[in-house]
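Chain residues, written in single-letter form:
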Amino acid sequence: METLLKLENVSKKYGRETVLKDVNLELKSGEIVGLVGPNGAGKSTIMKIISGLISNFDGTAQINGENIRDMKCSSKKVGCLIENPGYYGSDTGFDNLKFCAKLSGAYSKIQIMDLAKRIGIDNALKKRVSKYSLGMKQKLGICMAMVGHPEILVLDEPTNGLDPNTIPVVRNMIKYSAEKMNCAVLVSSHILSEIEAVCDSVYFIRDGKIISEKDIGSEERTVYSFSSDSPLQLIECLKKMGFYATVCGDKVEAEMDETQAAEFLTCAVKENIRIFGMDKKNADLEQTYHRIMEGKDE
(Lines give C-alpha, C1' and ligand atoms only; values in the text may rest on other atoms or scores of the structure.)
Protein backbone atom coordinates (compact mmCIF):
# COMPACT_ATOMS: atom_id res chain seq x y z
CA MET A 1 0.00 0.00 0.00
CA GLU A 2 1.19 3.49 -0.88
CA THR A 3 1.98 5.94 1.94
CA LEU A 4 -0.26 8.98 1.39
CA LEU A 5 0.22 10.91 4.64
CA LYS A 6 3.31 11.35 6.75
CA LEU A 7 3.68 13.39 9.93
CA GLU A 8 7.23 13.77 11.23
CA ASN A 9 8.09 15.35 14.59
CA VAL A 10 4.91 17.44 14.56
CA SER A 11 4.51 19.67 17.61
CA LYS A 12 1.93 22.29 18.47
CA LYS A 13 1.63 24.89 21.23
CA TYR A 14 -1.18 27.19 22.30
CA GLY A 15 0.67 29.90 24.18
CA ARG A 16 2.83 28.11 26.72
CA GLU A 17 0.78 24.92 26.60
CA THR A 18 2.17 22.09 24.48
CA VAL A 19 -0.68 20.06 23.00
CA LEU A 20 1.39 17.94 20.58
CA LYS A 21 5.01 16.84 20.98
CA ASP A 22 7.05 15.15 18.23
CA VAL A 23 4.15 13.23 16.70
CA ASN A 24 5.06 10.70 13.99
CA LEU A 25 2.21 9.11 12.07
CA GLU A 26 1.63 7.49 8.67
CA LEU A 27 -1.47 6.65 6.64
CA LYS A 28 -1.51 4.36 3.62
CA SER A 29 -4.08 4.04 0.85
CA GLY A 30 -6.81 1.51 1.59
CA GLU A 31 -5.89 1.43 5.29
CA ILE A 32 -8.08 2.32 8.27
CA VAL A 33 -6.14 3.62 11.26
CA GLY A 34 -7.55 4.41 14.69
CA LEU A 35 -6.44 7.25 16.96
CA VAL A 36 -7.38 6.71 20.60
CA GLY A 37 -6.61 8.47 23.84
CA PRO A 38 -8.26 10.37 26.70
CA ASN A 39 -9.97 13.73 26.25
CA GLY A 40 -7.46 16.52 25.66
CA ALA A 41 -4.75 14.13 24.46
CA GLY A 42 -4.39 15.91 21.09
CA LYS A 43 -6.50 13.78 18.74
CA SER A 44 -8.55 16.63 17.26
CA THR A 45 -5.43 18.80 16.86
CA ILE A 46 -3.73 16.08 14.78
CA MET A 47 -6.84 15.77 12.63
CA LYS A 48 -7.06 19.53 12.09
CA ILE A 49 -3.41 19.65 11.00
CA ILE A 50 -4.00 16.84 8.50
CA SER A 51 -7.11 18.60 7.20
CA GLY A 52 -5.28 21.90 6.74
CA LEU A 53 -7.32 23.67 9.44
CA ILE A 54 -4.18 24.36 11.50
CA SER A 55 -1.04 25.54 9.70
CA ASN A 56 0.92 27.04 12.60
CA PHE A 57 2.82 24.01 13.90
CA ASP A 58 6.35 22.68 14.05
CA GLY A 59 7.54 19.64 12.13
CA THR A 60 6.61 18.22 8.75
CA ALA A 61 3.18 17.14 7.46
CA GLN A 62 3.07 15.79 3.90
CA ILE A 63 0.40 14.38 1.59
CA ASN A 64 1.95 12.47 -1.32
CA GLY A 65 5.26 14.17 -0.56
CA GLU A 66 3.77 17.66 -0.73
CA ASN A 67 3.90 19.87 2.36
CA ILE A 68 0.38 20.51 3.66
CA ARG A 69 1.29 24.14 4.37
CA ASP A 70 2.11 24.70 0.68
CA MET A 71 -1.17 23.32 -0.63
CA LYS A 72 -3.61 25.90 -1.92
CA CYS A 73 -6.54 23.75 -0.84
CA SER A 74 -5.77 20.55 1.04
CA SER A 75 -9.54 19.88 1.24
CA LYS A 76 -9.28 18.60 -2.35
CA LYS A 77 -7.19 15.75 -0.98
CA VAL A 78 -8.73 15.41 2.48
CA GLY A 79 -12.34 14.83 3.46
CA CYS A 80 -13.02 15.47 7.14
CA LEU A 81 -15.61 15.36 9.88
CA ILE A 82 -14.11 16.89 13.00
CA GLU A 83 -16.00 17.48 16.25
CA ASN A 84 -19.33 18.48 14.64
CA PRO A 85 -20.50 18.47 11.01
CA GLY A 86 -20.57 21.88 9.34
CA TYR A 87 -23.53 22.56 7.07
CA TYR A 88 -25.92 25.22 5.79
CA GLY A 89 -29.11 24.62 7.75
CA SER A 90 -31.34 26.56 5.39
CA ASP A 91 -30.20 24.46 2.41
CA THR A 92 -31.25 20.92 1.59
CA GLY A 93 -29.09 17.89 2.25
CA PHE A 94 -28.47 17.51 -1.47
CA ASP A 95 -27.38 21.16 -1.82
CA ASN A 96 -24.89 20.72 1.03
CA LEU A 97 -23.42 17.62 -0.59
CA LYS A 98 -23.33 19.31 -3.99
CA PHE A 99 -21.49 22.30 -2.50
CA CYS A 100 -18.83 20.06 -0.93
CA ALA A 101 -18.39 18.06 -4.12
CA LYS A 102 -17.99 21.17 -6.26
CA LEU A 103 -15.55 22.62 -3.72
CA SER A 104 -13.40 19.53 -4.20
CA GLY A 105 -13.57 19.94 -7.97
CA ALA A 106 -15.14 16.50 -8.48
CA TYR A 107 -18.92 16.95 -8.50
CA SER A 108 -20.91 13.82 -9.34
CA LYS A 109 -24.65 13.51 -8.71
CA ILE A 110 -24.32 9.75 -9.10
CA GLN A 111 -21.77 9.58 -6.29
CA ILE A 112 -23.87 11.82 -4.03
CA MET A 113 -26.94 9.63 -4.48
CA ASP A 114 -24.91 6.45 -4.00
CA LEU A 115 -23.33 7.61 -0.73
CA ALA A 116 -26.63 8.98 0.57
CA LYS A 117 -28.35 5.68 -0.14
CA ARG A 118 -25.58 3.66 1.49
CA ILE A 119 -25.86 5.63 4.74
CA GLY A 120 -29.66 5.92 4.65
CA ILE A 121 -30.43 9.60 4.02
CA ASP A 122 -31.39 9.41 0.33
CA ASN A 123 -35.07 9.97 1.15
CA ALA A 124 -34.24 13.13 3.11
CA LEU A 125 -32.00 14.92 0.60
CA LYS A 126 -34.75 17.35 -0.43
CA LYS A 127 -35.36 18.45 3.18
CA ARG A 128 -33.66 21.46 4.77
CA VAL A 129 -30.88 20.30 7.05
CA SER A 130 -32.31 22.39 9.90
CA LYS A 131 -35.14 19.82 9.98
CA TYR A 132 -32.76 16.88 10.31
CA SER A 133 -32.37 14.94 13.56
CA LEU A 134 -28.97 14.81 15.28
CA GLY A 135 -28.30 11.38 13.80
CA MET A 136 -29.27 12.46 10.29
CA LYS A 137 -26.95 15.49 10.55
CA GLN A 138 -24.12 13.19 11.58
CA LYS A 139 -24.77 10.89 8.61
CA LEU A 140 -24.90 13.91 6.30
CA GLY A 141 -21.54 15.06 7.71
CA ILE A 142 -19.97 11.68 6.93
CA CYS A 143 -21.27 11.88 3.35
CA MET A 144 -19.97 15.46 3.03
CA ALA A 145 -16.52 14.20 4.02
CA MET A 146 -16.65 11.40 1.45
CA VAL A 147 -17.93 13.23 -1.65
CA GLY A 148 -15.42 14.38 -4.24
CA HIS A 149 -13.20 11.29 -4.05
CA PRO A 150 -10.78 12.40 -1.29
CA GLU A 151 -7.49 10.55 -0.95
CA ILE A 152 -7.58 10.83 2.85
CA LEU A 153 -10.65 10.61 5.08
CA VAL A 154 -10.51 12.01 8.63
CA LEU A 155 -13.40 11.13 10.95
CA ASP A 156 -13.62 12.38 14.53
CA GLU A 157 -16.21 10.42 16.56
CA PRO A 158 -18.22 9.41 13.45
CA THR A 159 -20.81 7.46 15.48
CA ASN A 160 -21.65 10.41 17.74
CA GLY A 161 -25.41 10.82 18.11
CA LEU A 162 -26.25 7.62 16.22
CA ASP A 163 -28.62 4.92 17.44
CA PRO A 164 -27.32 1.34 17.78
CA ASN A 165 -29.02 0.25 14.56
CA THR A 166 -27.16 2.89 12.53
CA ILE A 167 -23.66 2.32 13.91
CA PRO A 168 -23.07 -0.83 11.76
CA VAL A 169 -24.12 1.19 8.69
CA VAL A 170 -21.45 3.81 9.45
CA ARG A 171 -18.94 1.04 10.10
CA ASN A 172 -19.64 -0.35 6.64
CA MET A 173 -19.31 3.15 5.12
CA ILE A 174 -15.85 3.51 6.63
CA LYS A 175 -14.83 0.11 5.27
CA TYR A 176 -16.28 1.05 1.87
CA SER A 177 -14.19 4.23 1.75
CA ALA A 178 -11.00 2.21 2.26
CA GLU A 179 -11.81 -0.90 0.23
CA LYS A 180 -13.67 0.64 -2.73
CA MET A 181 -12.57 4.30 -2.76
CA ASN A 182 -8.99 3.40 -1.72
CA CYS A 183 -8.94 6.18 0.87
CA ALA A 184 -6.47 6.33 3.72
CA VAL A 185 -8.76 6.64 6.74
CA LEU A 186 -7.99 8.07 10.18
CA VAL A 187 -10.80 7.63 12.71
CA SER A 188 -11.08 8.47 16.41
CA SER A 189 -13.70 7.19 18.82
CA HIS A 190 -14.19 6.61 22.52
CA ILE A 191 -16.08 3.42 21.63
CA LEU A 192 -13.06 1.13 21.52
CA SER A 193 -15.06 -1.85 20.30
CA GLU A 194 -15.91 0.12 17.14
CA ILE A 195 -12.24 1.00 16.58
CA GLU A 196 -11.37 -2.67 16.98
CA ALA A 197 -14.12 -3.73 14.55
CA VAL A 198 -13.14 -1.38 11.73
CA CYS A 199 -9.43 -0.51 12.00
CA ASP A 200 -6.31 -2.25 10.73
CA SER A 201 -4.05 -0.56 13.29
CA VAL A 202 -4.25 1.92 16.16
CA TYR A 203 -2.17 4.83 17.41
CA PHE A 204 -2.38 5.50 21.16
CA ILE A 205 -1.92 9.12 22.22
CA ARG A 206 -1.48 10.55 25.72
CA ASP A 207 -0.54 14.11 26.74
CA GLY A 208 0.18 15.09 23.14
CA LYS A 209 2.55 12.16 22.48
CA ILE A 210 2.08 9.00 20.43
CA ILE A 211 3.05 6.41 23.02
CA SER A 212 2.32 3.22 21.09
CA GLU A 213 1.13 1.77 17.77
CA LYS A 214 -0.50 -1.64 17.47
CA ASP A 215 -1.82 -3.74 14.61
CA ILE A 216 -5.31 -5.01 15.40
CA GLY A 217 -5.23 -8.73 16.15
CA SER A 218 -1.44 -8.91 16.15
CA GLU A 219 -1.14 -9.65 19.86
CA GLU A 220 -2.11 -12.82 21.68
CA ARG A 221 -2.81 -11.55 25.17
CA THR A 222 -5.06 -13.30 27.65
CA VAL A 223 -7.65 -11.95 30.08
CA TYR A 224 -8.65 -14.06 33.08
CA SER A 225 -12.00 -13.57 34.79
CA PHE A 226 -12.61 -14.62 38.39
CA SER A 227 -15.87 -15.27 40.26
CA SER A 228 -15.83 -14.50 43.97
CA ASP A 229 -18.12 -13.45 46.83
CA SER A 230 -15.50 -10.81 47.74
CA PRO A 231 -14.96 -8.84 44.50
CA LEU A 232 -13.56 -5.75 46.24
CA GLN A 233 -10.91 -7.81 48.03
CA LEU A 234 -10.18 -9.53 44.74
CA ILE A 235 -9.60 -6.21 43.00
CA GLU A 236 -7.33 -4.99 45.81
CA CYS A 237 -5.30 -8.18 45.63
CA LEU A 238 -4.89 -7.79 41.86
CA LYS A 239 -3.84 -4.16 42.25
CA LYS A 240 -1.20 -5.13 44.83
CA MET A 241 0.27 -7.48 42.23
CA GLY A 242 0.32 -4.70 39.65
CA PHE A 243 -2.68 -5.73 37.52
CA TYR A 244 -5.40 -3.47 36.16
CA ALA A 245 -8.72 -5.02 37.22
CA THR A 246 -12.20 -4.37 35.81
CA VAL A 247 -15.63 -5.57 36.87
CA CYS A 248 -17.59 -7.29 34.11
CA GLY A 249 -21.02 -8.37 35.35
CA ASP A 250 -20.46 -10.56 38.39
CA LYS A 251 -16.82 -11.25 37.50
CA VAL A 252 -13.51 -9.46 37.97
CA GLU A 253 -11.19 -9.42 34.94
CA ALA A 254 -7.47 -8.81 34.59
CA GLU A 255 -4.96 -9.30 31.81
CA MET A 256 -2.22 -11.81 32.67
CA ASP A 257 -0.51 -14.94 31.43
CA GLU A 258 -0.90 -18.49 32.77
CA THR A 259 2.01 -18.25 35.21
CA GLN A 260 0.73 -14.95 36.61
CA ALA A 261 -2.76 -16.43 37.02
CA ALA A 262 -1.33 -19.29 39.10
CA GLU A 263 0.64 -16.81 41.24
CA PHE A 264 -2.49 -14.74 41.76
CA LEU A 265 -4.50 -17.76 42.90
CA THR A 266 -1.81 -18.54 45.48
CA CYS A 267 -1.96 -14.93 46.68
CA ALA A 268 -5.78 -15.04 46.86
CA VAL A 269 -5.68 -18.17 49.01
CA LYS A 270 -3.24 -16.49 51.42
CA GLU A 271 -5.61 -13.49 51.60
CA ASN A 272 -8.54 -15.85 52.37
CA ILE A 273 -10.38 -14.79 49.19
CA ARG A 274 -12.74 -17.45 47.94
CA ILE A 275 -12.74 -17.93 44.15
CA PHE A 276 -15.56 -20.04 42.72
CA GLY A 277 -14.59 -20.01 39.07
CA MET A 278 -11.96 -18.87 36.57
CA ASP A 279 -12.20 -18.39 32.81
CA LYS A 280 -9.86 -16.99 30.18
CA LYS A 281 -10.28 -15.23 26.83
CA ASN A 282 -8.23 -13.17 24.39
CA ALA A 283 -7.67 -9.54 25.40
CA ASP A 284 -9.65 -6.90 23.50
CA LEU A 285 -8.67 -3.33 22.62
CA GLU A 286 -10.07 -1.99 25.88
CA GLN A 287 -7.68 -4.06 27.97
CA THR A 288 -4.81 -3.07 25.65
CA TYR A 289 -5.80 0.59 25.96
CA HIS A 290 -5.76 0.54 29.77
CA ARG A 291 -2.44 -1.30 29.84
CA ILE A 292 -0.80 1.23 27.51
CA MET A 293 -2.31 4.31 29.19
CA GLU A 294 -1.02 3.09 32.54
CA GLY A 295 2.48 2.83 31.06
CA LYS A 296 2.71 -0.96 31.27
CA ASP A 297 3.51 -1.35 27.60
CA GLU A 298 6.12 1.40 27.00
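This one's a predicted model, so the numbers in the text were calculated from it and none came from an experiment. (Residues numbered from 1 in each chain as written. Predicted model: local features only at pLDDT ≥ 70, side-chain atom pairs only at ≥ 80, totals over all residues. Heavy atoms only, no water.)

1. Notes on the overall build of the chain
Note the cut-off: Starting at the N terminus, helices and strands are each numbered in turn, a helix being any DSSP run of H or I of at least four residues and a strand any DSSP run of E of at least two. Summary of the burial criterion: residues with accessible area below 20% of their type's maximum are buried, those above 50% are exposed, and those between are partly exposed, where the area comes from a 1.4 Å probe applied to protein chains only. Any pair of residues with heavy atoms lying within 4.5 Å of one another is described as a contacting pair.
Looking only at helices and strands, the chain has 9 helices and 14 strands in total. Viewed in the frame of its principal axes, the chain has a C-alpha envelope of about 70 × 45 × 35 Å. Looking at the 298 residues of the chain, the share that counts as buried comes to 48%. Partitioning the intrachain contacts of the chain with sequence separation of at least 6 by distance along the chain shows that 71% fall at a separation of at least 24.

2. Overview of the packing of aromatic side chains
For any pair of aromatic rings, the description rests on two quantities: the centre-to-centre distance and the angle between the ring planes. Condition: We call Phe, Tyr and Trp rings a pair once their centres come within 6.5 Å, taking the six-membered ring for Trp, and we label the pair stacked below 30 degrees between planes, edge-to-face above 60, and tilted otherwise. For a lysine, the NZ atom is tested; for an arginine, the CZ atom; a charge sits over a ring if that atom is within 6 Å of the ring centre and within 35 degrees of the ring normal.
Applying the stated criterion across every chain, the model contains 3 aromatic pairs. For the ring pair Tyr88 and Phe99, a centre distance of 5.6 Å and an interplane angle of 90 degrees mean the geometry is edge-to-face. Of this pair, Tyr88 sits in the loop between strand E6 (78-81) and helix H2 (93-104) while Phe99 sits in helix H2, and the two are 11 residues apart along the sequence. The class for Tyr88 is partly exposed, based on a relative accessible area of 46%. With a relative accessible area of 42%, Phe99 lands in the partly exposed category. In this structure an aromatic cluster arises from ring pairing among Tyr224, Phe226 and Phe264. Between Lys12 and the ring centre of Tyr14, over which it is positioned, the NZ or CZ distance is 4.8 Å.

3. Description of the sheet that holds strand E14 (residues 275-282)
Inclusion rule: Here the rule is simple: two strands pair whenever DSSP picks up at least two bridges between them. For helices, the axis comes from a line fit to the C-alpha atoms of the stretch in contact; other axes are also lines fit to C-alpha atoms, and the angle between any two N-to-C directions lies between 0 and 180 degrees.
Overall, antiparallel pairing links the 4 strands, which are arranged E12-E13-E11-E14 in an open sheet. Of all the strands in the sheet, the pair left with one neighbour each is strand E12 (245-248) and E14. On average, each strand axis in the sheet is tilted by 25 degrees relative to the strand beside it, whichever way the strands run. Two elements, strand E11 (residues 222-228) and strand E13 (residues 251-255), share 5 bridges in a ladder whose sense is antiparallel. Among the inter-strand pairings, Phe226 is bridged to a residue of E13, identified as Val252. Seen against the sheet, helix H7 (residues 231-240) touches E11, E12, E13 and E14 and runs at an angle of roughly 10 degrees to E13.

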